[in-house]
Amino acid sequence: MTSPTSAPGTVGRAVRAAVRAVPAYPFTPLDVPIKLDQNENPYDFPEELKAEALRRMAARPWNRYPDLHADTLRDAVARYEDWDPAGVVVTPGSNVLIKLLTELAGIGQTVLTVNPTFSVYTLEAELLGARLVQLSLNPDFSLPVAELRAALEREEPGVLYLTQPHAPTGHVDAEADVRALTEAAEAAGWVVVLDEAYHQYSRSDYRDLVREGPARLSLRTFSKAWGLAGVRVGYLLASPELAANLQKLVSAFNVNLLAQAALEVALEQPGYVQARVAEGVRERERVLAALANHPTCQALPSQANFFLLRTPDADAAYRHLLSRGIVVRRQDKLHLLAGCLRVAIGTPEENDALIAAVDDLR
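Residues numbered from 1 in each chain as written. Predicted model: local features only at pLDDT ≥ 70, side-chain atom pairs only at ≥ 80, totals over all residues. Heavy atoms only, no water.

Chemist: Got a minute to help me understand the overall build of the protein chain in this structure?
Modeler: Along the backbone of the protein chain there are 15 helices and 13 strands. For the protein chain, the C-alpha radius of gyration of 21 Å lies close to 21 Å, the compact-globule estimate for 362 residues. With the principal axes as the frame, the protein chain shows a C-alpha extent of 60 × 55 × 55 Å. Across the 362 residues that make up the protein chain, the buried fraction comes to 53%. The contacts of the protein chain with a sequence gap of at least 6 include a subset with a gap of at least 24, amounting to 72%. Of the roughly 16,200 Å² of accessible surface on the protein chain, a fraction of 54% belongs to carbon and sulfur atoms. Counting 36 positive and 45 negative side-chain charges, the protein chain places the averaged centre of each group 4 Å from the other. (Helix = DSSP H or I, 4+ residues; strand = E, 2+ residues; numbered from the N terminus. Rg over C-alpha atoms; globule rule 2.2 N^0.38 Å. Buried < 20%, exposed > 50% of the residue type's maximum accessible area, 1.4 Å probe, protein only. Contact = heavy atoms within 4.5 Å. Areas by Shrake-Rupley, 256 points an atom, 1.4 Å probe, with all protein chains shown as cover. Lys, Arg positive; Asp, Glu negative; His and termini not counted. Charge placed at Lys NZ, Arg CZ, Asp CG, Glu CD.)

Now the structure itself:
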């Protein structure tokens, strides 16, 4: 079969310029023994819970559509989070929610965030033609509070992203600063997104702050602490009014039977999450302590399930770790992160291998 042909440049004229201008998502998977490049939980969903999820999926009719808006799952999330079910929105991954939030309040308006930041915020702003405003983090990776407050007053209101813990630095800001920015943004007409993808590892929780205003939300995921990245489910907690408007943008039947079954089981038996988070925090502190006196590399403080390793030569360090069967994520091209690699916390054995490999970097 031959491929369809068209006049030169036809596709280019049809596709929006904003889409043509944005590069593809910058990630190339590598098949290596130790995978520390995507901030995943190093442990799979517990076998007994996986078996129960598969049993439930097999018992359900596959010829029928799932819940229109994942209503059963929304109810389960609401019970777990002590939230009004009308204020819960569920989609296949929090990346989808970021896209929808840009559609909700960014198109023709403003996406305000910091630099560096989670790349999906900026990617969706650029793809959807929102005005993107990024302000540099302080040298210690804290929020530039005064500059952000000025931008909230200066720019056309849209979406403000405050990530706690921050990605890709793992930094956690003072609660007073987060509160002040949230209140100032809402007063100026912005939608405030408190992205809490890694909150279990920092023991921070901004649900109470979100409850205090109608234009605030907490963005959460099952991909990190819950160990369900392959299932692809993210959710947010918001006021019923904000959630109802966002739900208009969510595709019908967007969470499949397997995802619903897996999440129902996980939410019924969440004890495994607390145990794994506790180990992840212990391992994070152990790795940071083991690397603290390295003569050329600096392991930067973090409150997430990853940390930044500042090296004299990120390319050489990356290739050295890869030669030891360890893949990490280069961040050295990002603002403020010269020489940096982002390293996820793995199992104790994987972390031992990482420590030994970094020790050989001189």
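Chemist: Would you mind going over the sheet that holds strand β5 (residues 159–163) with me for this structure?
Modeler: By definition, the strands of a sheet pair up through backbone hydrogen bonds, in either a parallel or an antiparallel sense. What the seven strands build is an open sheet, ordered β2-β8-β7-β6-β5-β3-β4; its pairing is mixed. The sheet is open, and its two edges are formed by β2 (88–91) and β4 (131–136), each paired on a single side. Neighbour to neighbour, the strand axes of the sheet diverge by 25° on average, direction disregarded. Summarising the sheet, strand β7 (residues 216–221) and strand β8 (residues 234–238) pair through five bridges and their orientation is antiparallel. Looking at β8, one finds that Thr221 is bridged to Gly234. On top of the sheet, helix α5 (residues 94–105) reaches β2, β3 (110–115), β5, β6 (191–195), β7 and β8; it is set at about 155° to β7, its chief contact. Along the sheet face, helix α11 (residues 240–247) touches β2, β6, β7 and β8 and points at about 30° away from the line of β2. (Pairing = 2+ DSSP bridges. Axes fitted to C-alpha atoms, helices over the stretch in contact; angles between N-to-C directions.)

Chemist: Any chance you could explain the side chain of Arg220 here in plain terms?
Modeler: Structurally, Arg220 can be placed in strand β7. Looking at Arg220, the relative accessible area reads 2%, which means it is buried. Among the polar contacts made by the side chain of Arg220, one reaches the side chain of Ser218 at a distance of 2.8 Å. The residues contacting Arg220, other than those within four sequence positions of it, are Glu81, Ser94, Glu196, His199, Asp205, Tyr206, Arg207, Gly234, Tyr235 and Leu237. (Polar contact = N/O pair within 3.5 Å; in protein donor to acceptor, adjacent residues only side chain to side chain.)

Chemist: Mind showing me how you'd approach the pattern of salt bridges here?
Modeler: Under the defined criterion, the tally for this structure stands at 31 salt bridges. In this structure, the salt-bridge partner of Arg220 is Glu196, at a minimum N-O distance of 3.0 Å. Taken together, the residues span a long stretch of sequence, with Arg220 in strand β7 and Glu196 in the loop between β6 and α9 (199–202) at a distance of 24 residues. With respect to burial, Arg220 and Glu196 carry one shared label: buried. Between Asp205 and Arg220 there is a salt bridge, with its nearest N and O atoms 2.9 Å apart. Taken together, the residues Asp205 in the loop between α9 and α10 (207–211) and Arg220 in strand β7 connect sequence positions 15 residues apart. What makes Asp205 partly exposed here is its relative accessible area of 36%. One salt-bridge network, in which partners are shared between bridges, spans Glu52, Arg55, Arg56, Arg60, Glu264 and Glu268. (Salt bridge = Lys/Arg side-chain N within 4 Å of Asp/Glu carboxyl O.)

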